[in-house]
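# Tertiary structure, described
Now for the letters of each chain:
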Amino acid sequence: MAKKELVPEFDESPATTGEYDLEERNALRRVAGLSTELVDVTEVEYRQLRLERVVLVGVWTEGTVTDAENSLTELAALAETAGSQVLEGLIQRRTRPDPSTYIGRGKVDELVSVVLSSGADTVICDGELSPSQLRTLESRIKVKVIDRTALILDIFAQHAKSKEGKAQVELAQLQYFLPRLRGWGEALSRQAGGSGRGGGAGGGVGTRGPGETKIETDRRRIRARISKLKREIAAMRTIRDTKRAGRRRNAVPAVAIAGYTNAGKSSILNRLTGAGVLVEDALFATLDPTVRQARTADGRIYTLSDTVGFVRHLPHHIVEAFRSTLEEVAEADLVVHVVDGSHPDPEEQVRAVHEVLAEVGAERLNELLVINKVDAASEETLLRLKRTWPDAVFVSAHSGVGLAELRAAVDARLPRPAIELEAVVPYDRGDLVARLHERGEVLHSAHTAEGTAVRARVDEGLAAELAPFVATSV
């Protein structure tokens, strides 16, 4: 007898939250008090992030002042997730970022005084800085300067656990840092200022330093590492594609849970399947996709997959590196788009998620909007969101409110088998009846002398297996 696969049943028990993973993550913390000042070194600086006391800086180019403040608040949450203590936040109103200093030379002087008075050791800019902007700001402020992209990459590096996740994060980091490598030693990297052969003016034997050569060597090594990582990720992508193809052959519908980071995607997955995925009130708490099996109310099997969270201005390095993971969404039959109903600007969250989905070709998929954390949102906010999205499902993964409606909505939106037929399956083909219940939609079932009489909707593959026993094709 074939071994029956156990599938977790839906229940209303408290959601598991990956307690062991959470304990392991909290066991390792940055040690406060270690110096992070820039040091003049002759080697290439790989810019390992050791964030401690930070000042945030943003440039407000469009939208309202509330939008600018929300963006800086999100940057503060990112910094705290990375292990930092946020001391101050500055916003500069400009038509566009300054090409040299990002915030303008006058604002740099104000930033220097804030850094000195607060004792900050790091400045985080709410945007992606060019290598020249980084160099100029660090030379003026005299502390480490990073941008939003480097901060998100640092968080991803901390939270990635699987082999594929670690490889994707390393690839994104190398692609980001490659154009930002530089030699800090003036004596070595910039000695050779002359142009003539055999030691013309400004150069000569013994003065041509190896600094720039060292950078080029490191660049070649990094490019070689990038090529190797791309090959490894491509191989992992093949494995993922093979699994997806197997599910498609068996006509197993796929549901992908997508949404803004910290919207509660993992909590909803845990509630629906008992997956035990780590849940933490932090941005990008879970990066590695989790796929679990679930059943509809009438017994059909489908898969639920949790994906990496999105954020406004998600670095393109991350999107490219995690493309194979994000394609889980593009290949899904239904996208459950989770929105944080308690967030100050949930509409902006939805817009940011749709931008990333468009990048991976998933913008036209069947989408079910789920407003989570209704127990933490105000009545006024909920009324506004219901007017904006009348077809959305309002739930609380924490309290369990609305989960029954969510399951019913998922069941209703899943694709149904296309072929309807009637068959009498012999009793010695119980395996076929079991597959019919798992993969098809049984409309009627009865036991007769000849076997199990069923009327059902099935896919083409299952219809072919049932063909010898079909009584009537509807």
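Residues numbered from 1 in each chain as written. Predicted model: local features only at pLDDT ≥ 70, side-chain atom pairs only at ≥ 80, totals over all residues. Heavy atoms only, no water.

### Considering the sheet that holds strand β2 (residues 85-93)
Note the following rule: One bridge is not enough; two strands pair if DSSP finds at least two bridges between them. Numbered from the N terminus, helices here are DSSP runs of H or I no shorter than four residues, and strands are runs of E no shorter than two. Angles shown run from 0 to 180 degrees and are taken between the N-to-C directions of axes, each axis being a line fitted to C-alpha atoms and, for helices, limited to the stretch in contact.
An order of β2-β1-β3-β4 is seen for the four strands of this open sheet, with the pairing classed as parallel. Edge strands, defined here as strands with exactly one partner in the open sheet, are β2 and β4 (144-147). Neighbouring strand axes in the sheet, compared pairwise and without regard to direction, differ in orientation by 20 degrees on average. In this structure, strand β1 (residues 53-60) lies alongside strand β3 (residues 122-125), joined through four bridges in parallel fashion. Looking at the pairing, V55 lines up with V123 of β3.

### What about the side chain of Q133?
Stated precisely, the cut-off is as follows: Any pair of nitrogen or oxygen atoms within 3.5 Å is treated as a polar contact; in protein, a donor-acceptor pairing is required on top of that, and neighbouring residues in sequence qualify only through side-chain atoms on both sides. Contacts are assigned to residue pairs that have any heavy atoms within 4.5 Å of one another.
If you trace the backbone, Q133 turns up in helix α4 (residues 131-141). Separated by 2.7 Å, the side chain of Q133 and the backbone oxygen of D98 make a polar contact. Among the polar contacts made by the side chain of Q133, one reaches the main-chain amide nitrogen of S130 at a distance of 2.9 Å. Leave out the neighbours within four places in its chain, and Q133 touches D98, P99, S100, T101, Y102 and E128.

### Details of unusual backbone geometry
To be explicit about the condition: Buried means the residue's accessible area, taken with a 1.4 Å probe over protein chains only, is under 20% of the maximum for its type, while exposed means over 50%, and partly exposed covers the values in between.
Phi at Y102 takes a positive value of approximately 75 degrees, unusual for a residue other than glycine. Locating Y102 in the fold gives a position in the loop between β2 and α3 (105-118). Among the residues examined, Y102 registers a relative accessible area of 5% and is labelled buried. With phi around 65 degrees, K373 is a residue other than glycine that occupies positive phi space. Relative to the elements of secondary structure, K373 occurs in the loop between β9 (367-372) and α13 (379-388).

### Describing the nonpolar core
Burial of nonpolar side chains together is a common tendency in soluble globular proteins. Operational definition: What we call a nonpolar core is a set of buried Ala, Val, Leu, Ile, Met, Phe, Trp, Tyr and Cys residues that are connected through their side-chain atoms within 4.5 Å.
In this structure, I268, F310, L406 and V410 are the most contacted members of the largest nonpolar core, which totals 75 residues. Residues in contact with L406, not counting those within four places in the same chain, are I268, L272, L368, V370, V393 and V395. Grouped together as the second largest cluster of nonpolar side chains are 19 residues, V59, L90, V114 and V123 included.

### Remarks on the pattern of salt bridges
The condition is simple: When a carboxyl oxygen of Asp or Glu lies within 4 Å of a side-chain nitrogen of Lys or Arg, that pair is called a salt bridge.
Evaluated as defined, the whole model comprises 19 salt bridges. Salt-bridge contacts for D98 lead to R94; the nearest nitrogen and oxygen are separated by 3.6 Å. By relative accessible area, D98 is classed as buried at 16%. Because the salt bridges share partners, they merge into one network encompassing E420, E422, R455 and R457.

### Thoughts on helix α15 (residues 430-439)
Spelled out, the test is: The directions considered for the arc run from the helix axis to the C-beta atoms.
Turning to α15, its buried residues number three or more, namely L432, V433, L436 and R439. Take α15 and look down its axis: the buried residues cluster within an arc of 145 degrees, on one side only.

### Observations concerning the sheet that holds strand β8 (residues 334-340)
Across the sheet, which stays open at both edges, the six strands sit in the order β6-β7-β5-β8-β9-β10 with mixed pairing between neighbours. The two strands at the open ends of the sheet, each matched to only one other strand, are β6 (290-295) and β10 (393-394). Of the strand pairs in this sheet, β9 and β10 are connected by two bridges, and their pairing is parallel. Paired with I371 across the strands is F394, a residue of β10. Packing against the sheet, helix α12 (residues 346-359) makes contact with β5 (254-259), β8 and β9, and its axis sits at approximately 145 degrees to β8.

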